[in-house]
Amino acid sequence: MTENEHTLDPASWTEKYGDYLFHYAMMRLSDEQLASDLVQDTFLAALKSKERFKGASTEKTWLTSILKRKIIDVYRKKSRTRESAASEFGDKITDEELFRTEAPFRGHWREEKGPHSHSLMPEGEIENEELRAIIEKCIALLPPGLAAAFVMKMVDEADSGEVCKELGITASNLWVMLHRARLRMRDCIETKWQGNDR
Amino acid sequence: MTGKKEKGLMALLSRYMMSCDEASFLISRSQEERLTMKNRVRLKMHTLTCHFCRKYEQQIRQLSRMMKQYRHTCEHDSCMHRLPGDRKKQINQDVNRTLKRES
């Protein structure tokens, strides 16, 4: 065995990676029951496909990639069929909750829904824990289709082509979904931060 | 009634000006890729006169930075999520039971 080869030691998985994988899932789904179920599913799936582990990556990386797939499956199950997801997010940019619909101000920010300050929260001063809590909550409030696109692109930093393939959508669907996710994240963070602060 | 002159002005404006929903879409898109020259100019013209979209642009840039920070936030930290003890025990038992069955 060379030094670069990694081996598997399933008996130690829970102790070594249980918390890490649970945290990973919580950051993306914010649901304790679901997150711990996925950790269990990940270990059992990994045991089943032990032979396919080639030792090129570490145990941790390998287990994380299995969990990642399971998280995408959850989003996919939560959102409706591909067709309806695409049409729901694909065609209409205007979001009536946020933008006015009456002429001549059609498409302009509603006064109470527009951004009110230049900064979402005071950067540098914010504690990790606070940042984590607010973003996690806001991701959990996104519609699942938007959450999937946003998390894959902004948290996992996946390539756009990969995200489109994974979610069965076109590139223009993806732009619109990310746009809609950002509108909601911005609104949610601004609201939650101000609620905390004042 | 709208006069001929006003109609002409509106047509000219609508060709170059955009609404906030389009501006915010372009702001979002600029996070992933460089906009075309035409869209960069149109967006600039919009944000010059629209304080909401000016703020939106700054907030969306900040959101991108925050998401980068979020990615690794709390790992191995006191604010890391930890698997509840009883679940951990149960998962460990499950893994070991499956292991034994296989060997």
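Here's a quick rundown of the structure. Worth saying up front: this structure is predicted, and the values here are computed from it rather than measured. (Residues numbered from 1 in each chain as written. Chains lettered and ligands numbered in written order. Predicted model: local features only at pLDDT ≥ 70, side-chain atom pairs only at ≥ 80, totals over all residues. Heavy atoms only, no water.)

1. As for the interface of chain B and chain A
Next up, step 1: In this assembly, 51 residues from chain B lie in contact with 62 residues from chain A.
Next up, step 2: For the pairing of chain B and chain A, the buried interface totals around 5,500 Å² over both sides, and the portion due to carbon and sulfur atoms is 60%.
Next up, step 3: Counting the surface chain B buries against chain A, the share from its top three residues, B:Phe52, B:Tyr70 and B:His81, is 15%.
Next up, step 4: Among the ionic pairs, B:Lys68 bridges to A:Glu157, the shortest N-O distance being 4.0 Å.
Next up, step 5: There are 28 residue pairs in polar contact (both at pLDDT 80 or more) connecting chain B and chain A.
Next up, step 6: When contributions to the side of chain B that touches chain A are tallied by element, the ones reaching two or more residues are helix H2 (20-29), helix H4 (51-71) and helix H5 (85-102) of chain B.
Next up, step 7: No other element matches the 17 residues that H4(B) contributes to the side of chain B that touches chain A.
Next up, step 8: Residue composition of the side of chain B that touches chain A, by class: 19 nonpolar, 17 polar and 15 charged. (Contact = heavy atoms within 4.5 Å. Buried area = accessible area lost by both parts, 1.4 Å probe. Salt bridge = Lys/Arg side-chain N within 4 Å of Asp/Glu carboxyl O. Polar contact = N/O pair within 3.5 Å; in protein donor to acceptor, adjacent residues only side chain to side chain. Helix = DSSP H or I, 4+ residues; strand = E, 2+ residues; numbered from the N terminus. Nonpolar A, V, L, I, M, F, W, Y, C, P; charged D, E, K, R; others polar.)

2. As for the packing of aromatic side chains
Next up, step 1: One pass over the full model with this rule turns up seven aromatic pairs over all chains.
Next up, step 2: Measuring from centroid to centroid gives 6.4 Å for A:Tyr20 and A:Tyr24, while their planes differ by 40 degrees, and the two rings are tilted. With a gap of four residues between them, A:Tyr20 and A:Tyr24 both fall in helix H1 (residues 13-29), about one helical turn apart.
Next up, step 3: Aromatic pair A:Trp109 and B:Tyr56: ring centres 5.3 Å apart, planes at 50 degrees, arrangement tilted. Of the two residues, A:Trp109 is situated in the loop between helix H4 (82-90) and helix H5 (128-141) and B:Tyr56 in helix H4; the pairing between them involves two chains. This pair shows no difference in class: A:Trp109 is buried, exactly as B:Tyr56 is. (Phe/Tyr/Trp six-rings, centres within 6.5 Å; stacked < 30°, edge-to-face > 60°. Buried < 20%, exposed > 50% of the residue type's maximum accessible area, 1.4 Å probe, protein only.)

3. Quick notes on the nonpolar core
Next up, step 1: Counting residues in hydrophobic clusters, the biggest one holds 83 residues, and the most contacted among them are A:Trp109, A:Met121, A:Ile135, A:Met185, A:Ile189 and B:Met67.
Next up, step 2: Residue contributions to this core peak at eleven residues, all from helix H8 (residues 171-197) of chain A.
Next up, step 3: In this view, A:Ile135 contacts A:Met185, A:Ile189, B:Met66, B:Met67 and B:Tyr70; residues no more than four positions away in its chain are not counted. (Core = buried A, V, L, I, M, F, W, Y, C linked by side-chain atoms within 4.5 Å.)

4. Section: the side chain of B:Asp21
Next up, step 1: On the secondary structure map, B:Asp21 appears in helix H2.
Next up, step 2: Among the polar contacts listed, one links the side chain of B:Asp21 to the side chain of B:Ser19, at a separation of 2.4 Å.

5. Some points on the packing of helix H2 (residues 32-48) of chain A against helix H3 (residues 59-78) of chain A
Residues and elements named next belong to chain A.
Next up, step 1: Closest axis-to-axis distance for the H2/H3 pair is 9 Å, and the angle between their directions is 125 degrees. Overall, the two elements H2 and H3 adopt an arrangement that is oblique. H3 is crossed by H2, and the crossing has right-handed handedness. Within the contact between the two elements, H2 uses Leu34, Leu38, Asp41, Thr42, Phe43, Ala45 and Ala46 and H3 uses Trp62, Leu63, Ile66, Leu67, Lys70, Ile71 and Val74.
Next up, step 2: Of the residues that constitute the contact of H2 with H3, the class distribution is eleven nonpolar, one polar and two charged. (Axes fitted to C-alpha atoms, helices over the stretch in contact; angles between N-to-C directions. Parallel < 35°, antiparallel > 145°, perpendicular 65-115°, else oblique. Left-handed = near helix turned anticlockwise from the far one by under 90°.)

6. Topic: the side chain of A:Glu190
Next up, step 1: Its place among the elements puts A:Glu190 in helix H8.
Next up, step 2: Judged by its relative accessible area of 6%, A:Glu190 falls in the buried class.
Next up, step 3: In this structure A:Glu190 touches A:Gly114, A:Pro115, A:His116, A:Ser117, A:Leu120 and B:Gln59, once residues within four positions along its chain are discounted.

7. Description of a nonpolar patch on the surface
Next up, step 1: Taken together, the side chains of B:Met37, B:Val41 and B:Met45 present a nonpolar region at the surface, about 270 Å² in accessible area.
Next up, step 2: Judged by its relative accessible area of 44%, B:Val41 falls in the partly exposed class. (Patch = residues over 30% accessible without salt bridge, like charges linked within 9 Å, V, L, I, M, F, W, Y side chains within 5 Å. Areas by Shrake-Rupley, 256 points an atom, 1.4 Å probe, with all protein chains shown as cover.)

8. Things to note about unusual backbone geometry
Leaving glycine aside, a negative phi is the common case for residues, and trans is the common case for peptide bonds.
Residue and element names in this part refer to chain A.
Next up, step 1: The phi angle at Ser30 is positive, at roughly 50 degrees, despite the residue not being glycine.
Next up, step 2: Tracing the sequence through the fold places Ser30 in the loop between H1 and H2.
Next up, step 3: One non-glycine residue, Glu157, lies in positive phi territory at about 55 degrees.
Next up, step 4: Secondary-structure assignment places Glu157 in the loop between helix H6 (144-155) and helix H7 (160-167).
Next up, step 5: Glu157 sits in the partly exposed class, given a relative accessible area of 40%.

9. Focus on H7(A)
Residues and elements named next belong to chain A.
Next up, step 1: Within H7, the full set of buried residues consists of Ser160, Val163, Cys164, Glu166 and Leu167. Looking straight down H7, one finds its buried side chains confined to an arc of 165 degrees; they lie on one side.
Next up, step 2: Backbone nitrogen of Gly161 and a side-chain oxygen of the N-cap are separated by 3.2 Å at the start of H7; the cap is Asp159.
Next up, step 3: Backbone geometry just after H7 places Gly168 at a positive phi near 65 degrees. (Arc of directions from axis to C-beta.)

10. Observations concerning the environment of B:Gln59
Next up, step 1: If you trace the backbone, B:Gln59 turns up in helix H4.
Next up, step 2: Residues within four places of B:Gln59 in sequence aside, it is in contact with A:Pro115, A:His116, A:Ser117, A:His118, A:Ser119, A:Leu120, A:Arg186 and A:Glu190.
Next up, step 3: Looking at B:Gln59, its side chain comes within polar contact range of the side chain of A:Arg186, at 2.8 Å.

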